[in-house]
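# An overview of the molecular structure
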Amino acid sequence: MPKKIKKQIKEEIALPKGTFDILPSDEKYWERVENVAKNISREYGFVKIETPIFEHSNVYLRTIGEATDVVEKQMYYLKTKGDKLVLRPEGTAGIARAYLVNGLFEQPQPVKLFYFGPFFRYEQPQSGRFRQFHQFGLELIGDQDPINDAEIINILCEIFNKFGVKNLAIELNSIGCKLCRPKFKSALLKYYRPKVKNLCQNCKQRIDVNPLRLLDCKEEGCRKFIENAPQIVDKLCEDCKNHFKLVIEYLDELGLPYILNPHLVRGFDYYTKTVFEIFYEDSIENHKPNQLALASGGRYDYLVKELGGRAAPAVGGAFGFERLIGQMKKQNVKINDLFEPEVFVIQLGPTAKKKALKLFENLRKSGFKAAQSFGKDSLATQLARADRLKVKTALILGQKEIFDESIIIKEMDTGVQETIPMEKLMERLKEKLR
Ligand code: HAM
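These notes cover the structure that comes with them.

Calculation notes
- Every residue gets a number counted from 1 within its own chain, in the order that chain's sequence is written.
- Reporting of local features is limited, given that this is a predicted model, to residues whose pLDDT is at least 70; pairs of side-chain atoms are given and counted only at 80 or more, and all residues count toward the totals for whole chains, interfaces and linings.
- No hydrogens and no water enter the side-chain calculation; it runs on all heavy atoms of the structure.
- Each pair of strands is called paired provided DSSP finds at least two bridges between the two strands.
- Strands here are runs of E lasting at least two residues and helices are runs of H or I lasting at least four, both read from the DSSP assignment and numbered beginning at the N terminus.
- The axes are straight lines fitted to the C-alpha atoms, using for helices just the contacting stretch, and the angles between their N-to-C directions are given from 0 to 180°.
- Contacts are assigned to residue pairs with any non-hydrogen atoms lying within 4.5 Å of each other.
- For this document, the term salt bridge refers to a Lys or Arg side-chain nitrogen within 4 Å of an Asp or Glu carboxyl oxygen.
- A simple rule labels every residue: compare its accessible area, found with a 1.4 Å probe on the protein chains alone, to the largest value its type can have, and call it buried under 20%, exposed over 50%, or partly exposed in between.
- One heavy atom suffices: a residue is near a molecule or strand as soon as one of its heavy atoms comes within 4 Å of it.
- Polar contact is defined as a pair of N or O atoms within 3.5 Å, subject to the rule that within protein one atom must be able to donate a hydrogen and the other to accept it, and that residues adjacent in sequence are counted only when both atoms are side-chain atoms.
- All accessibility values rest on the Shrake-Rupley procedure with a 1.4 Å probe; residue burial counts only the protein chains present in the view.
- Side-chain classes are defined by residue name, with Ala, Val, Leu, Ile, Met, Phe, Trp, Tyr, Cys and Pro counting as nonpolar, Asp, Glu, Lys and Arg as charged, and the others, Gly among them, as polar.

### Observations regarding the sheet that holds strand E12 (residues 370-372)
- With respect to topology, 5 strands assemble into an open sheet ordered E12-E11-E13-E14-E15, the strand pairing being mixed. Only two strands of the sheet have a single partner each, and these edge strands are E12 and strand E15 (417-421). Averaged over all neighbouring strand pairs, the angle between strand axes comes to 30°, with direction disregarded.
- The strands touched by helix H14 (residues 379-388) are strand E11 (343-347) and strand E14 (406-411); relative to E11, the strand with the most contacts, the crossing angle is about 170°.

### Structural notes on the pattern of salt bridges
- Using the criterion set out here, one finds 25 salt bridges in the structure.
- When the shortest N-O distance is used, the salt bridge between Glu 342 and Arg 434 registers 3.1 Å. Remark: Arg 434 occurs in the segment after helix H16 (425-433) and Glu 342 occurs in the loop between helix H12 (321-330) and E11; sequence separation between them is 92 residues.
- Across the salt bridge formed by Asp 377 and Lys 353, the nearest N and O atoms sit 3.1 Å from each other. Of this pair, Asp 377 sits in the loop between E12 and H14 while Lys 353 sits in helix H13 (residues 350-365), placing them 24 residues apart in sequence.
- Residue classification places Asp 377 among the partly exposed residues on the basis of a relative accessible area of 47%.
- A network of salt bridges, in which partner residues are shared, links Asp 149, Arg 299 and Asp 301.

### A look at the sheet that holds strand E10 (residues 314-320)
- Strand order in the open sheet formed by 8 strands is E1-E4-E5-E10-E9-E8-E6-E7, with mixed pairing between adjacent strands. Each edge of the open sheet carries a strand with a single partner, namely strand E1 (47-48) and strand E7 (258-260).
- The pairing of strand E6 (residues 168-174) with strand E8 (residues 272-280) spans 7 bridges and is antiparallel. Following the sheet pairing, Glu 171 is matched in E8 by Glu 277.
- Docked against the sheet, helix H5 (residues 92-101) engages strand E4 (111-120) and strand E5 (132-141), running at close to 45° with respect to E5.

### Quick notes on the site of the ligand
- The local shell around the ligand holds 27 residues, among which Glu 90, Thr 92, Glu 123, Tyr 271 and Ser 296 are the closest.
- Glu 123 has a polar side-chain atom sitting 2.7 Å from a nitrogen atom of the ligand.
- Contact distances for the ligand include 2.9 Å between a nitrogen atom and a side-chain N or O atom of Glu 139.
- Its free accessible area being 640 Å², the ligand has 96% of it covered by the protein chains.
- Mapped onto the shell around the ligand, the elements with two or more residues apiece are E5, strand E9 (295-299) and E10.
- Among the residues making up the shell around the ligand, the classes are represented as 11 nonpolar, 9 polar and 7 charged.

In structure tokens, the structure reads:
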């Protein structure tokens, strides 16, 4: 094919920006992370829920907030014959929608759900930030007890710990409720109004639509104002103050170290009271702001009501697969291959090939982890493959063995081999491998 056409085809079918293929070499990370997260969640009483990857846009417009980056800039709208559908940018709002439309509020409360899958945001891709990414999330709906906030943080940390990702920095804040947040917003506006001309373009817009986000600005010029900005903890109502105090006490009880970050506000409007982000750190003292969080979440007591249901206090959190796996690789966390064969069937000659086919089936059905490369006929090639797979034992079946009704068992590490009657094979393998 001429080079020019080759190039053209390549571009036309190139991977969309900010996405990636999960190749077989990485499958073991993805599967282990999913399984560990699922098992740990189940140990804490969570059950699985799956929701569609697209929803009506209102599910997000009503809950995340119209003046947020995700809704303003990052949602993928689908071209449809009329429905206003979007690819889900996050999980919480969709889960709350499912809680409502499926009447899960009629079940004993709280309802404890976990989910995982792909999510979509039109972001500027960079390391650890993608346009299609994968989250594992936990949502506990129908209970306002602050012990649940601590439990969600604890489960996420337990999942990370299971993979040896231990040095975690938990940033924590409370952003209050409908009662106390307006007072804080006024204090914030009073502080920021005189400084407005010195703010970045984004913050100039945020000041009227979503002043809390001023505290989240990453621009150098705005950061100096954030340092001295009023802190919401000083304005919390009694209920929010007590709630926050108890979350902290429960985290202390669990021995989970945290950093109180009065400027942590998170990017979605649905949050109330507790918000948190979890980072990996070499040491908690080294913790720098502006890194990418491994996990994040918080309480969202009004979300279900905002979708049209009865008030259902809730709390949840989610971690990104890509960021956790990236961290595991950086820390050289060892993950075993998903299938590690112990015995390899080698065949030499057409009759042996036929018999080997049946032998492989028998081995597999008897519970041995068997491998083969029946498409290859040379002994050297088959032995090399067995070697690459790191099997303990190779079974060699040639013309002579077929004739004698025997088989050769070869120890791959020592090279020692023995010939035994075929009928004794399973018994001998059990002695060797079990
Ligand atoms: P979020 O902070 O937007 O919160 O995302 C949660 C986690 O997903 C992040 O901490 C990060 O690990 C990962 N993540 C987010 N965006 C990307 C991206 N573009 N590329 C790669 N990873 C990403 C939520 O989505 C909330 N729904 C969490 C929650 C659950 N709050 C309450 N319940």
